[in-house]
Every structure is written in structure tokens, then in C-alpha cells.
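Here are the chains, one letter per residue:
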There are 2 protein chains.
Amino acid sequence: MVITCSQYELLKGLNIVSKAVPTRTSNPILECILIDASTNDIRLTTNDMEIGIETVIPGGINERGRVAIDAKIFVDIVRNLPNNQVTITTDDKQMTQISCEKALFAVPGKNGDDFPYIPVIPRNVPIEISQFTLRETIRQTIFSTKENDKNQIMGGELFEVNGDHMRVSSLDGHRISIRNIHLQNSYEDRKVIVPAKTLKEISNIIGSSYDDIVSIYITDNHIIFEFDMTTVVSRLMDGEFFQVDKMLSNDYETKVMINRKELIESIRRSMLMVNESDKKPIVLDIYEQTFNMSVSTFKGNFDESLNIIKDGRDIKIAFNPKFLYEALNAIDDENATIYLLTPRSPLFIRDDAGSYIYLILPVNFNGA
Amino acid sequence: MVITCSQYELLKGLNIVSKAVPTRTSNPILECILIDASTNDIRLTTNDMEIGIETVIPGGINERGRVAIDAKIFVDIVRNLPNNQVTITTDDKQMTQISCEKALFAVPGKNGDDFPYIPVIPRNVPIEISQFTLRETIRQTIFSTKENDKNQIMGGELFEVNGDHMRVSSLDGHRISIRNIHLQNSYEDRKVIVPAKTLKEISNIIGSSYDDIVSIYITDNHIIFEFDMTTVVSRLMDGEFFQVDKMLSNDYETKVMINRKELIESIRRSMLMVNESDKKPIVLDIYEQTFNMSVSTFKGNFDESLNIIKDGRDIKIAFNPKFLYEALNAIDDENATIYLLTPRSPLFIRDDAGSYIYLILPVNFNGA
């Protein structure tokens, strides 16, 4: 194999596919990046057997072939080359020369034929969504998934398509995050669970433009994201997702409108007094037009009150401050609207347009 | 004690004094920052018993007093307060309230009288040097000190003052770094060894302006750096420094002039093939007007040649590439001049003006 390409484009491609290189594996070839120039494209591929990523980079093929190169060494080398034309040459023993200007590296490669190819999946009609929207939707829901849990389903997000509407839900046993997205076109109904790990990697790779589109193909066992010159293929998760709708409710006794940024700042301060391990809650005392937060731990005490617009009853209720912080951080509105029922009922943060719902369960506290 | 000050100035002061808070200590009060408002200033102090730092912050004292507060909690709290007026109040049980706008923290403090004061040292005539020059001199020599070594002296730098000239030297058994600085005034001759740790902290605190001055006071056992509103007091190291002059030589058989940035880039690439643990050297093959670098390890091979202006003999010699990299990185000149004698003699990088000398010992290699 002999190919040439620009250092910039090669590095860009390597940074994309690197996301699916496993950190630990019993199969050393998975620690490699496959360069496949056996057809008309230069294609970089990685595969951790859960997610496969493939990207095509511009360049010239002087001699067709393929080779797999250790991802870490390959990326390190290309990152340190000058921004100029790079030539990659492989001999029949897979020894691979990488040269740029006067610098010449030679590293041992592996036979590209041994690399586990990404499954070829028949494409149907794709769901189209902007890269910006997909990226934001992931950011706004991913924090309430729970990886490495006994209950594996919590390590995924439910994607539901109904006509021109998509709903994305995640939950971790303490809270639920829901985002509703309006689609440009109408599609056949679907309901799949996508691993959180896949979504995290996707949001690290896709751009943040409204104008650039991601095409999403869903089959029985796989989900495929296509954008720019990149394809990400992931397994779907088996099983039934939780019946989220049964956990939602529109009943409330107290409705609070509060400046979101001020509240985030206050909650961040309250968290300074809490140790991750001792899980002391922050107590909210909502009375008249005041939103008081307090927490008392062995580290010290914190107290702060914000002005609010309140409808309904006074209430005193306690939460893990991190859950409030993450939900508030996932919305963009200037003011947040919070709905409360009783000290033992979940808190809801939702907007009138119905584009998001965040549910958080309260914790017990020994005030009253 | 009741004091008020701006969050910005308080945080600035805390960031300065934090540098002398020990990470591990058997004396918990050393993990605190002392606020001393018992006279007319608000003074923040830390002391790890090697280095003491004191800084004065602007503010008002409503009630005199002093208190010691856990450094980590204190800095975390102040960093998360709004940029506004902060009030700090201590009661007779050392409970300390920190308030800003509507946020109120209360944390347990310690009796300020128990805090180990920084020794009061009689001041003589200070050596004056710009903050920029001191900071640069430290950066340009600190990398060849050796902390936590059996030979403790390698964990310090030799400061020698002769009239209007200061020389700073460091060495670690493999290399020597020397910087010569011209001073504005003439001073009495002195020769002291300053701990590398002190110098690292100083260079993290001082500014980078030519116009701002550091006053350096040297006594028998201490060195004091005074700048802006801050004083750093450090112990000096006991013992005799190495006789650096005996290790220097102006003899050479090969003189190389080379583009410094190009050489740095090439050496950085060569380092990609070297593991810290196996210590494979980079081989320099200097012939005609060519500077060839190569290295061969289990990771792969690297080869690159640069054009040079060379006087004298061809030579083949090997080095730890990291040592070449750090020395070249410590100088600012566009071109570096390298002097070589034999494959077993040290390499020198020095300028004609005599402002720096970097000596690096070669390593054996099985070429020739």
C-alpha cells in the first residue's frame, strides 16, 4: 500500500476514529486503526465490537492495500508531523513507513485482513436531524444514565420516533430526563434503546452546526449515524425500557419561577459543603416569594435565599444538590419553572412548550 | 475579627499563599491559611515550614483579630462567591462566617495564635531584579535540578552574586544549566543554594513584567523574595555546591549552528519512539552540512536530517533526547550553537554573549 494525504486531514480522521479504540482488550488488533485503501477511498476504521467508526479522508492512492497500525503510536506520530503532505507505505511484512518532509518513521503494522470489519447493514430511510440538535439532545439527557449498573437498561437512552416527533429519555433511579424534538419530516414509528457510551462518543465527534445533518438509520439490532464523511455503527440494547409516562404527572401544589443562572450559582456554592460520600441533601424552604437553600455538614453550613415568583403552597423539601445542578444546567431558558407537590413527591422542571421534562426524586431530611 | 474585602482581591491573595500549603502534614494547622487582621493590614499567611508566604490584601478591618481556616475549603468558597464585597466574621469559638450578597457560609476555624509565624528576619540591602528576569531564569535552569535525590544538593540551585553579575547554576548528574544575569547595581559577593521547590513556587507567583521588581534579601539561613504586596521566606540549603567551573571547557572539535525550532520539532518526534523506561538514546550523525538524528526501538524507527552550518570534524554521538529537548527549549535564540569534542565528551550549547551554558553528557551507543 502507498497513499498520500495531508497531515491535517489525516489527523482529523484519526481523531474521529480514535473514539472507538478500546482501552483494554484481549484482542490486540482492536487497539489498531485500519487504513483501508483497497478500493477507491482511503478509509480509516476502528471497532471495539460495540461501536465501529469509519471515516473517509481525502488523498491519493498510489498502490492499493490495507494495514492496521497501533492507534496510540499512529496518532502520536501524525500529531507531531509538520502540516504538510504525508506518505504512508507498507511492505509485505506490514512494516509501515510514515514520512513527511524529512521525517521518516517506520513502525510494525498488522495484517489488515485480520481486522474485524464493521457489519454491512442494509440502509432504509434515514431520520434526518441537525448535528447541533443531536449533540444538544445528548448533552441534555446523558447525565441521568447509569453505566455499569446491574440494571443494564439504565446505561442506555430510549429514542422514540412518532411521525415528525422524537422523544429521548434517560433515567438512573433517582431522576428522569426527557427531551422532545420536532423533526422536519415524518417517519415510521420506532422505539430503540441506544447505549449511552455510543451517544457520548457521537457527541464528541459531530459538529455543532444547525446546517449539517446527521442521518440516522435504525435496524433491528443496530443504529447507524452518518454525517460528513463518517459512519458510526452501534449495537442497540435488548430489553424493555421503563414506562416513563407512568412516572410523570402534571399535578402540583407549588409552582416556582426562578432565575436559572442565579439558582445554578447558589446550588454550586451549596455543594461545597457536601462530600460526595456522605450525601447530605440541600434543604429547600420555599415560602412567600423566597427560595431558601441550606445545608449543614461537618465541613460547615451554607445558607442562601433567592427571590422567586411563587404560586400555591409553601413547602420544605430536600434534594441531592448535584441532581438539581445537572438538570438546571441542561436547559437554556433564562428562567426555570419548578413544580412541587409534597415533600415526598418528585420535583419537576418543565417548560410550557413541552420541549423538556426533568423529574428529580426528593430525599428524606430531619427537618419538617 | 470582622473584615471586608473584595472577592477578586481576596481570591488573588488566596491563590498566592496557597502555594505554601503542604499536601501532607502531621500538623493540621499547616493546612490552614491564617487571616491576620490584628494590626492595620489584612495579611494572609501560609507556612509549610520550608517556605512561608505572606501577602497583604486591600480591605477594611471592623474588628481586629486573627483566625486560621482550612485552605481547601476557604479557597473553594471564595472561588464560588460572586465578584462583590465579602465579609468575614469570627466568633470567640473560631466559627467563621463568610458572606457575600445573599450567600452565607459558616466554617469552623482554628485559633490564629497557634499558627507558626514566619521567622522575622533582619533585612539588609536587597538585590533587585525584574520579575520577568527572575521568572525566566528559573524556567531556564529548574529542569536540571533533581528533587528527592540522595544527593540533596542537586535539589537546589546555586545563586552566586559578584558585583553586578549573578550566576544561577543547576545540575542533576547528567547535565548542567547555567544562566548569567547582569544586575542594575553592584552588590557584595554572595553564594547560596536555594531549594528548587522554593524557586518553582516563586515562578508560579511572580508576574512576567520587566517593570516590576523583586527584592531579594539573603541572610545566613534564609532567602526572602519581596514583590508587590507579597513576601516569600525560604530556608537556604546547607552544604557545598559542586564545582561547576571545573566541569566546563571551551575546547571543541565540531561546531554546529542549527535552527533551534526545527531541531526541537525533530527531537520531539524522535522521542515518540522512546519509552521513558528503556532509555534508548537518539544517535546524532553530524557529517558535512547535515545533522542526522535516528533512533531504533521496539516501537519502531525514526530518522530525520536537518541542514546545518558546521565547522570542524564529523562526529557520531548519542544522547537522551529529553535532555537535548529541555536545554533547547530553555533558550530563546533563533539558532542554537552546539559544541562537540569527542563521542565521550559532553555537548555544550552556549551563546557568544555568554548568557547561557548548557552541558549534556552523552550516552554510549553501539554504533560507530
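In this convention, every chain numbers its residues from 1, walking through the sequence in written order. Labels are handed out in written order, letters beginning with A for the chains and numbers beginning with 1 for the ligands. Whole-chain, interface and lining totals are the exception, using all residues; otherwise, since this is a predicted model, local features are given only for residues with pLDDT of at least 70 and side-chain atom pairs are given and counted only at 80 or more. By convention in this description, side-chain values take in all heavy atoms of the structure and omit both hydrogens and water.

Describe the interface of chain B and chain A, and please don't skip the residues or the numbers.
Note: interface size is frequently given as the accessible area lost on complex formation between the parts. Note on definitions: a residue-residue contact is assigned when non-hydrogen atoms from the two residues lie within 4.5 Å. In this assembly, 26 residues from chain B lie in contact with 26 residues from chain A. Taken together, the two surfaces of chain B and chain A that pack against each other cover about 2300 Å², and 57% of this comes from carbon and sulfur. Contact with chain A buries area across many residues of chain B, yet N80, K102 and R269 of chain B alone supply 25% of it, more than any other trio. A pair is scored as a salt bridge if a Lys or Arg side-chain nitrogen falls within 4 Å of a carboxyl oxygen belonging to Asp or Glu. The interface formed by chain B and chain A holds zero salt bridges in total. By the criterion applied in these results, polar contacts are pairs of N or O atoms within 3.5 Å in which, for protein atoms, one can donate a hydrogen and the other can accept it, and in which residues neighboring in sequence qualify only through two side-chain atoms. Viewed at the interface, chain A and chain B are joined by eight residue pairs in polar contact (both at pLDDT 80 or more). When contributions to the side of chain B that touches chain A are tallied by element, the ones reaching two or more residues are α2 (71-79), β9 (103-108), α5 (260-271) and β20 (300-307) of chain B. Strands are runs of DSSP state E lasting at least two residues, helices are runs of H or I lasting at least four, and both sets are numbered from the N terminus onward. In terms of residue count, β20 of chain B provides more of the side of chain B that touches chain A than any other element does, seven residues in total. Any residue that is not Ala, Val, Leu, Ile, Met, Phe, Trp, Tyr, Cys, Pro, Asp, Glu, Lys or Arg is counted as polar, Gly included; the first ten are nonpolar and the last four charged. Taken together, the residues that form the side of chain B that touches chain A break down as 14 nonpolar, five polar and seven charged. Bridge count between strand β9 (residues 103-108) of chain A and β20 of chain B: three bridges; the pairing is antiparallel. Note on β20 of chain B: the bridge partner recorded for F105 of chain A is F302 of chain B. Accessible area that two parts lose when put together, evaluated with a 1.4 Å probe and summed over both, is termed the buried area. By the convention used here, strands pair only if DSSP detects at least 2 bridges between them.

Describe in detail the relation of the copies chain B and chain A, supporting the description with residues and values.
Only residues with pLDDT of at least 70 in both copies contribute their C-alpha atoms to the least-squares superposition of the copies. Between the two copies, chain B and chain A, the superposition gives an RMSD of 0.0 Å; the rotation angle is 180 degrees and the shift along the axis is 0.0 Å. Here the transformation between the copies is reduced to the relation of a two-fold axis. For chain B, the smallest separation between a C-alpha atom and the rotation axis is recorded for T23 of chain B, amounting to 16 Å. A high fraction, 100%, of the interface residues of chain B reappear at the interface in chain A, so the copies pair face to face through one surface.

Any details on the sheet that holds strand β6 (residues 65-70) of chain B? Residues and values, ideally.
Residue and element names in this part refer to chain B. A sheet is described by the order of its strands in space; here nine strands give the open sequence β10-β6-β2-β3-β4-β16-β15-β14-β11, paired in antiparallel fashion. Among the strands making up the open sheet, the edge pair consists of β10 (110-111) and β11 (127-130). Across six bridges, strand β2 (residues 32-37) lies against β6 in antiparallel orientation. Across the sheet, the residue bridging to I35 is V67, located in β6. All axes here are fitted lines through C-alpha atoms, helices being fitted over the stretch that makes contact, and every angle between N-to-C directions spans 0 to 180 degrees. Sheet strands in contact with α2 are β2 and β6, and its direction is about 95 degrees off that of β6.

I'd like to hear about the packing of aromatic side chains, residue by residue, with values.
Two rings from Phe, Tyr or Trp (for Trp, the six-membered ring) form a pair when their centres sit within 6.5 Å of each other. Planes less than 30 degrees apart are called stacked, planes more than 60 degrees apart edge-to-face, and all others tilted. Under the definition given, this model contains 12 aromatic pairs over all chains. A ring pair is formed by F241 of chain A and F242 of chain A, whose centres lie 5.6 Å apart and whose planes are at 75 degrees; its orientation type is edge-to-face. Both rings, one in F143 of chain B and one in Y358 of chain B, keep their centres 6.1 Å apart while their planes meet at 25 degrees; by these two values the pair is stacked. With F143 of chain B in the loop between α3 (131-139) and β12 (156-171) and Y358 of chain B in strand β25 (residues 356-360), the pair connects residues that are 215 residues apart, well separated along the chain. Here F143 of chain B matches Y358 of chain B in class, with each residue buried. One aromatic cluster is present, built from ring pairs that chain together F143, Y356 and Y358 of chain A. Think of it as a cone above the ring: NZ of Lys or CZ of Arg counts as a charge over the ring if it is within 6 Å of the ring centre and within 35 degrees of the ring normal. The cationic tip of R350 of chain A hangs over the ring face of Y339 of chain A; the distance from NZ or CZ to the ring centre is 4.2 Å. Geometry around F348 of chain B places R350 of chain B over its ring, the cationic atom sitting 5.7 Å from the centre. Accessible area is worked out with a 1.4 Å probe on protein chains only. A residue is then buried under 20% of its type maximum, exposed over 50%, and partly exposed in between.

Any details on the confidence of the model for chain A? Residues and values, ideally.
Per-residue confidence from the predictor is given as pLDDT, running between 0 and 100. This prediction gives chain A a mean pLDDT of 95; 99% of its residues lie at or above 70. Scored as a complex, the prediction yields pTM 0.92 and ipTM 0.90.

Go over the packing of helix α3 (residues 131-139) of chain A against helix α4 (residues 196-205) of chain A, please, and point to the residues and values.
Residue and element names in this part refer to chain A. The interhelical angle for the contact between α3 and α4, taken along N-to-C directions, is 135 degrees, at an axis separation of 9 Å. One way to sum up the angle between α3 and α4 is to call them oblique. Handedness of the α3/α4 crossing: left-handed. Together, L134, R135 and I138 of α3 and L199, I202 and S203 of α4 make up the contact between the two elements. The residue inventory of the contact of α3 with α4, partitioned by class, reads four nonpolar, one polar and one charged. Each angle receives one of four descriptions, namely roughly parallel if under 35 degrees, roughly antiparallel if over 145, roughly perpendicular if within 65 to 115, and oblique otherwise. Crossing handedness is defined as follows: a turn of the near helix away from the far one that is anticlockwise and smaller than a right angle gives a left-handed crossing, while the clockwise case is right-handed.

Please provide a residue-by-residue account of the nonpolar core, values included.
The biggest cluster of nonpolar side chains holds 97 residues, and the ones touching the most others in it are L10, I35, F74 and F225 of chain A together with F291 and I349 of chain B. Sorting elements by how many residues they give to this core places helix α2 (residues 71-79) of chain A first, with six residues. Residue contacts for L10 of chain A: discarding those within four places in its chain leaves C5, L44, I57, F74, V78, V86 and I88 of chain A. Remark: nonpolar core denotes a set of buried residues (Ala, Val, Leu, Ile, Met, Phe, Trp, Tyr, Cys) joined through side-chain atoms within 4.5 Å. Within the second largest apolar cluster, 96 residues are counted, among which are Y356 of chain A together with M1, M166 and I218 of chain B.

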